[in-house]
Amino acid sequence: MSTDHTGGYPPQEPPAQMPYPPSPPSPVDQERPASYPSPTYSSPPPGPLPPPLSPNGNGTTPTIPPQSVGGAEPMSAIPYAVAQPQFPVNEPEPTPIPTPGVLSATQLPSVRIGLWGSSRAGKSTYLASLPIAGMQTTDPNGRWIVGGMTPNAVEYLVRGVDRLANHRSFPAIGQINESLTWVFHGPPPTERAGLFRRQPADGVQFALQLQDVPGEFLRTGQLSEDVVEHFANSQGLIYLFDPIGDAEERTRSFDFFFEMLQAVHARVREAGRLVRNRLPHRVAVCVTKFDEPEFFDAAVHAGWVNQQDFGSRLPVVEEKQRAAFFDWVCRGYRGGTATMICDAIQSFFHPTYVRYYATSAIGFRLNSNQVFDYHDYRNTEQVNNVRRIRATPRPLNVLEPLIDLERRISGRKR
Ligand SMILES: Nc1nc2c(ncn2[C@@H]2O[C@H](COP(=O)(O)OP(=O)(O)OP(=O)(O)O)[C@@H](O)[C@H]2O)c(=O)[nH]1
Ligand SMILES: [Mg+2]
């Protein structure tokens, strides 16, 4: 297949491309190109720079190594120390209960969302982590419950949660192309609960149709009509972008993605549903495996990661910087064909329809006080040559992209 995948193909009016910076952005040296907004810090930036790290595998040189913070747990701010809250020690880590049974929801508004990602990008783990994320929601108005609408969908959920939370293992390699309808029950919208505090506010409910298509099914030349149809008829798309995959996989990944976009674009055009020559879908682009040290450290060094100063003090990429963060992941971190994925997303979809997230289905390992520790946050381990999850999964930015997609599609404000 030709590598020139973009030449001359619609959609027209491609948006201006961000110039690729020669080096990753740094909040310290202030040399970040204008196209990369400087990350903001909730605390003072680090002091004198330690010696630079050696270049990472993709040719970029991290400029801001984290400071080494000595002492007892929790250590480790990113990359500066913030006053540590006191927590009771020796708290056992709670295991979430499995998801509830079949829910009757025939009258629910239904939103169809396609889930796309290259082979091994983390699609099945993402789906399995959704009910866990729902149970762990910290929304003061209540939690989200994710349930299946068919026995198949329930079985998929229960199996996935059991594997992830109880057995701490990742989903088996996908074999079948599963179509799932799930119901999401959420707390009432914040504004309403605030404005009409004395009235019993209704919770939010919607049904979501998703398809867990194993990467093998998405390979060039194997794109089935059903899959194209599913994506063409979806109102939203979740694109899981794996920052880790090997070079060969990267190239194939772009080939699959581009082939799918072309096929879906043609189908939507035939149906007369293009919006100013672009696809009408709302899109959530999730950079997966944010917890993976190889990638997370590079993002920290490049200055994209802040740390919350409350609760578990989790790492965050600030909302207004997420588009630039994704641009950096594609062009600055991965490079090669990944840059074309960025271009394709910006060309096929309306930029205002696309939002970006730093996602982890398993989250970071927290210390025994449930606080993030920069010196020991890896949440995977090898046991008898099998990759396992080290601590209770704490999904990060898993439910948020979906809820936000549904809101944007249904036109609800919250
Ligand atoms: N560190 C980390 N690794 C992850 C995460 N999610 C998935 N992985 C790793 O990625 C592998 C593939 O994840 P899957 O969820 O099976 O990926 P998939 O996209 O469903 O794969 P196919 O169905 O084969 O296309 C897992 O076995 C894990 O090793 C995550 O959140 N963090
Ligand atoms: Mg899978």
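Being a predicted model, the structure only gives us computed values, none of them experimental.

The rules behind these values
- Residues numbered from 1 in each chain as written.
- Chains lettered and ligands numbered in written order.
- Predicted model: local features only at pLDDT ≥ 70, side-chain atom pairs only at ≥ 80, totals over all residues.
- Helix = DSSP H or I, 4+ residues; strand = E, 2+ residues; numbered from the N terminus.
- Buried ≥ 20, exposed ≤ 12 C-beta atoms within 10 Å, placed from the backbone.
- Bend = angle between axes of the 7 residues up to and from the residue.
- Pairing = 2+ DSSP bridges.
- Contact = placed C-beta atoms within 7 Å.
- Axes fitted to C-alpha atoms, helices over the stretch in contact; angles between N-to-C directions.
- Parallel < 35°, antiparallel > 145°, perpendicular 65-115°, else oblique.
- Nonpolar A, V, L, I, M, F, W, Y, C, P; charged D, E, K, R; others polar.
- Left-handed = near helix turned anticlockwise from the far one by under 90°.

Caption draft 1: Examining unusual backbone geometry more closely. In this structure, Arg276 takes a positive phi of about 45° despite not being glycine. If you trace the backbone, Arg276 turns up in the loop between α5 (247–270) and β6 (282–287). Classification of Arg276 by C-beta neighbours within 10 Å gives exposed; the count is 9. Phi is positive for Asn384, close to 50°, though the residue is something other than glycine. By the C-beta count within 10 Å, which is 5 here, Asn384 ends up exposed.

Caption draft 2: Highlighting helix α1 (residues 123–135). The largest bend in α1 amounts to roughly 35° and is located at Ser129, with the proline Pro131 lying one to four residues further along. By the criterion of burial, α1 is predominantly enclosed, with 12 of the 13 residues buried. Buried residues of α1: Lys123, Ser124, Thr125, Tyr126, Leu127, Ala128, Ser129, Leu130, Pro131, Ile132, Ala133 and Gly134, and no others.

Caption draft 3: Structural context of the pairing of strand β5 (residues 236–241). Across the 6 residues of β5, 6 count as buried, placing the element largely inside the fold. Because side chains alternate across β5, one face comprises the buried residues Gly236, Ile238 and Leu240, and the other comprises Leu237, Tyr239 and Phe241, equally buried. Note that strand β1 (residues 110–117) and β5 share 5 bridges and pair parallel. Bridged to Trp116 within β5 is Tyr239. For β5 and β6, the ladder comprises 6 bridges, and the chain directions are parallel. Across the sheet, Ile238 pairs through a bridge with Ala284, a residue of β6.

Caption draft 4: Region of interest: the environment of Leu210. Relative to the helices and strands, Leu210 is located in strand β4 (residues 204–212). Exposure remark for Leu210: the 24 C-beta atoms within 10 Å place this residue in the buried category. Spatially, the C-alpha atoms of Leu210 and Trp182 are 7.8 Å apart, while their sequence positions differ by 28 residues. Those residues within four positions of Leu210 in sequence are excluded, and the remaining contacts are Ile113, Leu115, Leu127, Leu180 and Trp182.

Caption draft 5: Seen up close, the packing of α1 against helix α2 (residues 151–166). Their axes nearest at 8 Å, the elements α1 and α2 cross at an angle of 85°. By the criterion of interaxial angle, the relationship of α1 to α2 is roughly perpendicular. Every residue of α2 that contacts α1 at Leu127, Ala128, Ser129, Pro131 and Ile132 is listed here: Leu157, Gly160, Val161, Arg163, Leu164 and Ala165. Its residues placed into classes, the contact of α1 with α2 shows 8 nonpolar, 2 polar and 1 charged.

Caption draft 6: Region of interest: the packing of helix α7 (residues 322–334) against helix α8 (residues 338–348). In the contact formed by α7 and α8, the axes pass within 8 Å of each other and the chain directions differ by 155°. In terms of their interaxial angle, α7 and α8 are classed as roughly antiparallel. Handedness of the crossing formed by α7 with α8: left-handed. Taking contact as the criterion, the partners of Phe326, Asp327, Cys330, Arg331 and Arg334 in α7 are, on α8, Ala338, Thr339, Ile341 and Cys342.

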